[in-house]
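Inside the fold
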Amino acid sequence: MFLDQTDKQILSALRQNSRLQWKELGEKVHLTGQAAADRVRRLEDAAILKAYTITVDEEKLGNRTQALIHVFLNNDCHPAFQNFIRKRDEIRAAHRISGHGCYILEVILADSAALNALLDDLLPYGNYQLNLSIQQIK
């Protein structure tokens, strides 16, 4: 599917606020509300727009520890490891990577005790390298 400049503006606007009303969205991209809605439906049908999400202030929920974990699997246990990460709510994003390590996990937890528990649970799958986030920029 070819995306024109208006489609790209719609995606940008929805990335900023996925709760925009059709009329508001249309005003941002110089379309009527109905025309904006039609374009959004077309993007959904083409599976370009896959989901609508929210951004949560994790600190207000008591989650003060953010980390990136590079995981180095010690054997060919990728299916079991992928099943493990899908079940863990504190793992917010996981990427299978090339280069340094096998996976990168983005985790958000309440405190260092919760982080230590997660790291202990990772050990049966392999080793890890931990990077603590000191400030989220974007």
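Before reading on, note that the structure itself is shown above.
Residues numbered from 1 in each chain as written. Predicted model: local features only at pLDDT ≥ 70, side-chain atom pairs only at ≥ 80, totals over all residues. Heavy atoms only, no water.

Points about unusual backbone geometry
Of note in the backbone geometry, H30 takes a positive phi value of approximately 65° without being a glycine. Among the structural elements, H30 can be located in the loop between helix 2 (22-29) and helix 3 (33-45). A relative accessible area of 71% places H30 in the exposed class. A positive phi angle, close to 60°, is found at A47, a residue other than glycine. By the element assignment, A47 lies in the loop between helix 3 and strand 1 (65-73). (Helix = DSSP H or I, 4+ residues; strand = E, 2+ residues; numbered from the N terminus. Buried < 20%, exposed > 50% of the residue type's maximum accessible area, 1.4 Å probe, protein only.)

Focus on the pairing of strand 2 (residues 91-96)
One ladder, built from five bridges, connects strand 2 with strand 3 (residues 103-109); its direction is antiparallel. Note on strand 3: the bridge partner recorded for I91 is V107. With antiparallel pairing between neighbouring strands as the criterion, strand 2 and strand 3 make up a hairpin whose turn holds six residues, including G99 at a positive phi of roughly 95°. (Pairing = 2+ DSSP bridges.)

Here we look at helix 1 (residues 5-16)
Here helix 1 spans 17 Å end to end across twelve residues, near enough to the 16 Å set by a 1.5 Å rise per residue. Buried within helix 1 are the following residues: T6, D7, I10, L11, A13 and L14. Seen end-on, helix 1 carries its buried residues on one side only, within an arc spanning 165°. Those residues of helix 1 that are exposed and aimed more than 90 degrees away from the buried face are Q5, R15 and Q16. The backbone nitrogen of T6 lies 3.1 Å from a side-chain oxygen of the residue at the head of helix 1, namely D4. (Expected span 1.5 Å × (residues − 1). Arc of directions from axis to C-beta. Polar contact = N/O pair within 3.5 Å; in protein donor to acceptor, adjacent residues only side chain to side chain.)

Here's the deal with the sheet that holds strand 4 (residues 126-132)
On the basis of which strands lie adjacent, the open sheet formed by four strands has the order 2-3-1-4 and antiparallel pairing. Because the sheet does not close on itself, it has two edges, and the strands there are strand 2 and strand 4. Across this sheet, the average inter-strand angle for adjacent strands is 20°, counted without regard to direction. (Axes fitted to C-alpha atoms, helices over the stretch in contact; angles between N-to-C directions.)

Quick look at the nonpolar core
Counting 18 residues, the largest nonpolar core has I69, F81, F84, L105 and V107 as its most contacted members. Where this core is concerned, the elements lending two or more residues are strand 1, helix 4 (78-87), strand 3 and helix 5 (112-122). Counting residues in each nonpolar core, the second largest holds eleven residues, with L14, V29, V40 and L43 among its members. (Core = buried A, V, L, I, M, F, W, Y, C linked by side-chain atoms within 4.5 Å.)

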